[in-house]
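Working through the structure, step by step
These are the residues of each chain, in order.
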Amino acid sequence: MVNHIKIKNICCIGAGYVGGPTMAVIADHCPHINIVVIDHNKKRINAWNDENLDKLPIFEPGLKEIISRVRNRNLFFTSNTGDHIKNSDMIFISVNTPIKTKGLGAGQASNLYWVESCAREIALKGKGFTIVVEKSTLPVRTAETIKHILDNSTNSNINQVEKSFSVLSNPEFLSEGNAINDLENPDRILIGGEDNSSIKALEEIYLNWVPKSKIIHTNLWSSELSKLTANAFLAQRISSINSISALCETTGANVMEVSHAVGLDKRIGSEFLNPGPGFGGSCFKKDILNLVYICRFLGLDEVADYWESVVLINSWQQKRIYSKIVSKLYGNILNKQLTILGFTFKSNTNDTRESPAIQISYDLISEGAQLVITDPKVNPQQVRFELNRINNIQENPIEEIDKKWKFERDTYKSVKDSDAIIFLTDWEEYRHLNWEEISTLMRLPSWVFDTRNVTNKNKLAQLNLNYWKLGDC
Ligand code: NAD
Ligand code: UDX
């Protein structure tokens, strides 16, 4: 249709963990392109526009430096759609795709409400030829739905001449805490699509900083499915090593030694073999369950069962850690003060979505423990939100839960008078704590539970601290 498309104006719908950092990096490398990021969450947009860069809604190492260069130069954040969709040559859909909580597929299928709203808005407001790019992680064949909405939402023939659309799939593989590095040096850029001019236009943007050899092309469905598959494979490795951690604890093997030895096989590789309290984050569980749902829908029950077991082991690992804590504390945690070190799902992010700390904290509270929760980046409102959400699922009065925990930013104050401290996030600063001081602050006999391999067993033994490390007997 069109031979060479030069992109001058981009719009991204969704200013979240993906939309914000991704557009910032594109803007940085493409000063000739004007980018507007739209989000209907005004509070989030205000935070993106805040003069004080420490108030950006997302904490990512390196993000504020880029934002300070590109914001209001060629990157703009707004909650007002205005003419931005009309004026854009390319529109990224980067909105949330959580699990459905109601109706058909509840608990597994993706909720495409927000994606569909974007498609309808683009169909209504788009003008001329517009390339629509799926950035969100989506069930395979969603591009078909988007295209159908785009092509069938205006009934006048004149409008059809005035506007036309091409849909590409360009999934995002960044991991939080390392987002800027992942965006700057991606392992690959995946572009799925049919229209060559559109594919070339998107490729040209990435070529401003990504080598051509790293840009791969597939059909739309392979691209959509590759994203779900990549996340499923990564999560599967974590469940695999976590299952072995339990075996280590009863056989005298050490999971770190096993992980190291196994990872040296270059066919296996050493990454994503760290045992822990289970994977958290907004993606793994949701994307695997979505895969499970699609497989069951298509009658592939064995495939569905296989992938579902990755999620089941993950929940089991969290329950296992909770039970271990209770049994080591003499089977009784009623009114004992326990300190949770780390509430985010991993270090270097302020994101708590699906953090293993939520379930483990909730189970400890439910059994009567008094928690002190500390984290370098989380705020108490966020902790309350997460505990409230899980509590709603269990239907207990939230006021009762509120009485059972408090937040303390300072790590040393957080351990004062505690019976036990429990490491749930791998923040770097937890590797450099002053244990001489901590051991004098806690109530005796004191316990340390390390699920993230951030402590040194020998050091703690010298200080008479009782100790349990995940995957070590
Ligand atoms: P997020 O919840 O942080 O951000 C999504 C934003 O979209 C929200 O701020 C929401 O207000 C906004 N939004 C929703 N519908 C809108 C509409 N119609 N108009 C304007 N704004 C709208 O989500 P996220 O973590 O950025 O993830 C976005 C997508 O990217 C998801 O599909 C996710 O699976 C995928 N993904 C996420 C990550 C990650 O690390 N978080 C990595 C790769 C892919
Ligand atoms: C993941 C994918 O890595 C990324 O490619 C995709 O785009 C989005 O989903 P993210 O969830 O941000 O990224 O972080 P990731 O580093 O994958 O960690 C996910 C969870 O697994 C965290 O809770 C982390 O602590 C845990 N994890 C990771 C382990 O327990 N062990 C490991 O070896 C690695």
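Residues numbered from 1 in each chain as written. Chains lettered and ligands numbered in written order. Predicted model: local features only at pLDDT ≥ 70, side-chain atom pairs only at ≥ 80, totals over all residues. Heavy atoms only, no water.

1. So, the overall build of the chain
When helices and strands are tallied, the chain shows 19 helices and 14 strands. Here the chain holds 473 residues, and 52% of them are scored as buried. Long-range contacts, defined as pairs at least 24 residues apart, comprise 75% of the intrachain contacts of the chain with a sequence gap of at least 6. Summed over its atoms, the accessible surface of the chain is roughly 21600 Å², and 51% of this surface lies on carbon and sulfur atoms. The positive charge centre, built from 53 side chains, and the negative charge centre, built from 55, are 1 Å apart in the chain. (Helix = DSSP H or I, 4+ residues; strand = E, 2+ residues; numbered from the N terminus. Buried < 20%, exposed > 50% of the residue type's maximum accessible area, 1.4 Å probe, protein only. Contact = heavy atoms within 4.5 Å. Areas by Shrake-Rupley, 256 points an atom, 1.4 Å probe, with all protein chains shown as cover. Lys, Arg positive; Asp, Glu negative; His and termini not counted. Charge placed at Lys NZ, Arg CZ, Asp CG, Glu CD.)

2. Details of the pattern of salt bridges
Enumeration over the complete set of coordinates arrives at 28 salt bridges. Across the salt bridge formed by Asp402 and Arg384, the nearest N and O atoms sit 2.5 Å from each other. Residue Asp402 is found in helix H16 (residues 398-402), and its partner Arg384 is found in helix H15 (residues 380-394); the two are separated by 18 residues along the sequence. Judged by its relative accessible area of 35%, Arg384 falls in the partly exposed class. (Salt bridge = Lys/Arg side-chain N within 4 Å of Asp/Glu carboxyl O.)

3. Looking at the sheet that holds strand S11 (residues 405-407)
Here we have six strands laid out as an open sheet, ordered S11-S10-S9-S12-S13-S14, and parallel in their pairing. With partners counted over all chains shown, the strands left at the sheet margins are S11 and strand S14 (466-469), one partner each. On average, each strand axis in the sheet is inclined to that of its neighbour by 15 degrees, with strand direction left out of account. Sheet topology note: the strand S9 (residues 337-341)/strand S12 (residues 420-423) ladder contains four bridges and is parallel. Its bridge partner lying in S12, Thr339 is registered against Ile421. (Pairing = 2+ DSSP bridges. Axes fitted to C-alpha atoms, helices over the stretch in contact; angles between N-to-C directions.)

4. What to know about the side chain of Ser169
Take Ser169: it is sitting in strand S6 (residues 163-169). On the accessibility criterion, Ser169 (2% relative accessible area) is buried. Here the side chain of Ser169 touches Ser223 through a polar contact of 2.6 Å, side chain to side chain. Setting aside chain neighbours within four positions, we find Ser169 in contact with Glu134, Leu190, Ile191, Gly192, Leu220, Ser223 and Glu224. (Polar contact = N/O pair within 3.5 Å; in protein donor to acceptor, adjacent residues only side chain to side chain.)

5. Let's talk about the site of ligand 1
Residues in close proximity to ligand 1 total 27 residues, the closest being Asp39, Arg44, Thr97, Glu176 and Lys286. Within the contact set of ligand 1, an oxygen atom lies 3.5 Å away from a side-chain nitrogen or oxygen of Asn96. Lys286 is positioned with one of its side-chain polar atoms (N or O) 2.6 Å from an oxygen atom of ligand 1. The element that contributes the greatest number of residues to the shell around ligand 1 is helix H5 (residues 113-125), accounting for three residues. Considered class by class, the residues forming the shell around ligand 1 number nine nonpolar, 11 polar and seven charged. (Near = heavy atom within 4 Å. Nonpolar A, V, L, I, M, F, W, Y, C, P; charged D, E, K, R; others polar.)

6. With respect to the environment of Ile325
In this structure, Ile325 sits in helix H13 (residues 301-328). Take Ile325: its relative accessible area is 0%, and that puts it in the buried class. In this structure the C-alpha to C-alpha distance between Ile325 and Ile421, which are 96 residues apart in sequence, comes to 10.0 Å.

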